[in-house]
Structure formats: structure tokens, C-alpha cells
Amino acid sequence: MSRRLEEALSSTWLVVAIVGAGTIVCKAVGPVLLGGRTLPPQPAGIVEMLAPALLAALVVTQAVGADRKLVFDERLLGIAAAIVAIRLRAPLLVVVVAAAGVTALARLL
Amino acid sequence: MGTLASVVMSATTFAGSAQFAAASVLSAAGSVGAAATAAILLNARYVPIGISVASVLRGGPLRRLLEGQLVVDESWAFSRRRDGTFDRGVLIGAGLVLYTCWVTGTAAGALGGEALGDPESLGLDAAFAALFLALLVLQIHSRRAVVAALVGGTIAFALVPFTAPGVPIIAATAGCLVGWRKR
């Protein structure tokens, strides 16, 4: 691949393009192709569980992950604050700001 | 990520969790393949969601395709009636409002974000973890979903020290196999 082409297809734009196309296809499959029909229960049950499995993995990697190691740092205090906010049924924005605020404060001290 | 890339992504990939997932893998120096795979797998749930609302969308293939893009977790949940059918007006209306706010909000955030400074000193890494956690709680409707989340989280935890960034997230999709239902 030429250098210029490599630059044009920087990794960010590649991800934007691939994920954009993939998402449009995922959302369009049902409405365009299947009309009112439904998926058989087995594949539907598996696809339904993709989001919880993936989101849990994202929580873990974002909370204790670093480059090929586990790091337990101030982020955990932020997560604790987020758990409290979620339990209090706070809006999403409050949950996120609480986590950031507590973590930032702990790093300052 | 760059302002333009962020806004283009919000306009085409109208699904926050997948966008954050891709950004999270990329910022951890994960590969393009890992970032895109994680994000698209996360959005695979829109296949059954799209099928569930297909009967209230109208028009030819192109119009149905465009209307289908307006479906996100929130507009889907708002428009769902107790009997399991969907309110077309709420689905399309909420989708349009959310889409407009999402794209303009992304532009504002991308333009204003540079002024904020070091993301770590602001605790933004923890903020992303909290965001994923809050999104996860929204997806937990059954005991099965709890098990899928525990399996996925455990796999990711075990693999982080041994694999390239992004790989633990993709491997964690094995947790979805708990969705297998016996006939």
C-alpha cells in the first residue's frame, strides 16, 4: 500500500467507515428483508445476549485494563461512585459525571 | 479521534455504545480489526430489534432502510407498548429527536473537548467505564442476561494481561452462548 493511501485510510477513518456500514446493515436487515417475520428463537436468544456480554467486557477493560496488564487505581473509586448513582436511579449523565469527578479528585489528592 | 471523524461516525453509526466501544479499543492502541469487530458485534442486537419493529415501518426498501436507522435502544424502548407492539409515531419521532441531539451534541463535544485538557486528570477513563456499566444495567432484563454479563466480564478480566487490546472484548462475546434456548 502506498504511503499516501495509508495516510488517507488512517485507522480512525477505517473504523468509522467499517462500523458505519456494519451498523447500517444490522439495522436495515429486518426492516428491508424480513418485513414482519421474526427470527427463530435460538439465534434470537443468542444475539440478545451479545450486548450484556460485550458491555460487561468493556466495563472490565475500561476499569482495570491497561496495556497487557491489570491495573487497580483511582478508576475503581469512580466506578464505586457510579454504582451508587445507578442504585439511586440517577440519570446517565449524573452517573458518568460522578465517576469522572470522584476519579479526578482522587488523582488530585 | 478528530472532530470530523466523530461527527461522521455519529451520523452514520447512530448507536452510542458501539461508538464508545470502538473509541475505547482504538485509544488503548488496539487494532482497526479489533475496534470494528467489537463495535459491530455490539450492534448485532439491532438485527433482532430491527426485525421486531419491521411491521410498523413503511414504504419501499430505501425508505424502510432509512426509517430503520432511527431505531436505537431508547426510541425502541419508548415506543414499545405493553402488548409488545410498537407505536410508529413515537418510534420515528423519538428517533428523529435523538438523532438530531446526538449529532449536534457530538459536534459540540468534539469542538469543545480540545479545551478540556488531559483526559486522565479529568477522570474520563473512569467515566467511560461508568457509562458502559450504566448501559449494561439497561440491558439486564433477565437472569440469563446477568449470566451472560458475568461470563463476558470474567473472560475479559482473564485475557487482559495476555492479549492485545480489543481481543478480550471480542473473546467475551462467548458469553452470549448462554442465550441458547432449548426447543
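Parameters and conventions
Residues numbered from 1 in each chain as written. Chains lettered and ligands numbered in written order. Predicted model: local features only at pLDDT ≥ 70, side-chain atom pairs only at ≥ 80, totals over all residues. Heavy atoms only, no water. pLDDT = per-residue confidence, 0-100. Helix = DSSP H or I, 4+ residues; strand = E, 2+ residues; numbered from the N terminus. Contact = heavy atoms within 4.5 Å. Buried area = accessible area lost by both parts, 1.4 Å probe. Salt bridge = Lys/Arg side-chain N within 4 Å of Asp/Glu carboxyl O. Polar contact = N/O pair within 3.5 Å; in protein donor to acceptor, adjacent residues only side chain to side chain. Nonpolar A, V, L, I, M, F, W, Y, C, P; charged D, E, K, R; others polar. Expected span 1.5 Å × (residues − 1). Buried < 20%, exposed > 50% of the residue type's maximum accessible area, 1.4 Å probe, protein only. Arc of directions from axis to C-beta. Axes fitted to C-alpha atoms, helices over the stretch in contact; angles between N-to-C directions. Parallel < 35°, antiparallel > 145°, perpendicular 65-115°, else oblique. Left-handed = near helix turned anticlockwise from the far one by under 90°.

What follows covers the confidence of the model for chain A. On average, residues of chain A score 85 in pLDDT, and 86% of them are at 70 or above. Here helix 1 (residues 3-8) of chain A is the element of chain A with the lowest mean pLDDT, 52, and helix 5 (residues 75-87) of chain A is the one with the highest, 97.

Attention shifts here to the interface of chain B and chain A. Listed by partner, the interface residues are 84 residues for chain B and 67 residues for chain A. Buried surface at the junction of chain B and chain A, both sides included, amounts to about 6500 Å², of which 78% is carbon and sulfur. Where chain B touches chain A, the interface holds 1 salt bridge. Notably, a salt bridge pairs Asp125 of chain B with Arg107 of chain A, separated by 2.9 Å at the nearest N-O pair. Seen at the junction of chain B and chain A, the total is 11 residue pairs in polar contact (both at pLDDT 80 or more). If you list the elements that add at least two residues to the side of chain B that touches chain A, you get helix 1 (3-12), helix 2 (16-27), helix 3 (32-43), helix 4 (46-53), helix 5 (61-69), helix 8 (124-139), helix 9 (143-159) and helix 10 (167-171) of chain B. Class assignment for the residues of the side of chain B that touches chain A results in 57 nonpolar, 19 polar and 8 charged.

For the rest of this paragraph, the subject is helix 9 of chain B. Residue and element names in this part refer to chain B. For helix 9, with 17 residues, the first-to-last C-alpha span of 25 Å sits near the 24 Å given by 1.5 Å per residue. Taken residue by residue, helix 9 has Ala145, Ala148, Ala149, Gly152, Gly153 and Ala156 as its buried positions. What you see down the axis of helix 9 is that its buried residues fit within an arc of 125 degrees, all on one side. Residues Arg143, Leu150 and Thr154 are exposed on helix 9 and point more than 90 degrees away from its buried face.

A few words on the pattern of salt bridges. One pass over the full model with this rule turns up 6 salt bridges over all chains. The salt bridge partner of Arg75 of chain A is Asp73 of chain A, with a shortest N-O separation of 2.9 Å. Using a relative accessible area of 25% as the deciding quantity, one classes Asp73 of chain A as partly exposed. With its nearest N and O atoms 4.0 Å apart, the salt bridge here joins Arg107 of chain A to Asp73 of chain A. Taken together, the residues span a long stretch of sequence, with Arg107 of chain A in helix 6 (residues 92-108) and Asp73 of chain A in the loop between strand 2 (69-70) and helix 5 at a distance of 34 residues. In this structure, a network of salt bridges that share partners links the residues Asp73, Glu74, Arg75 and Arg107 of chain A together with Asp125 of chain B.

As a packed pair, helix 4 (residues 50-64) of chain A and helix 8 of chain B sit with axes 8 Å apart at the nearest point and diverge in direction by 160 degrees. By the angle class used here, helix 4 of chain A and helix 8 of chain B are roughly antiparallel. Handedness of the helix 4 of chain A/helix 8 of chain B crossing: left-handed. Residues Ala51, Pro52, Leu55, Ala56, Leu58, Val59, Gln62 and Ala63 of chain A of helix 4 of chain A form the contact with helix 8 of chain B, whose participating residues are Asp125, Phe128, Ala129, Phe132, Leu133, Leu135, Leu136 and Gln139 of chain B. Looking at the contact of helix 4 of chain A with helix 8 of chain B residue by residue, the classes come out as 13 nonpolar, 2 polar and 1 charged.

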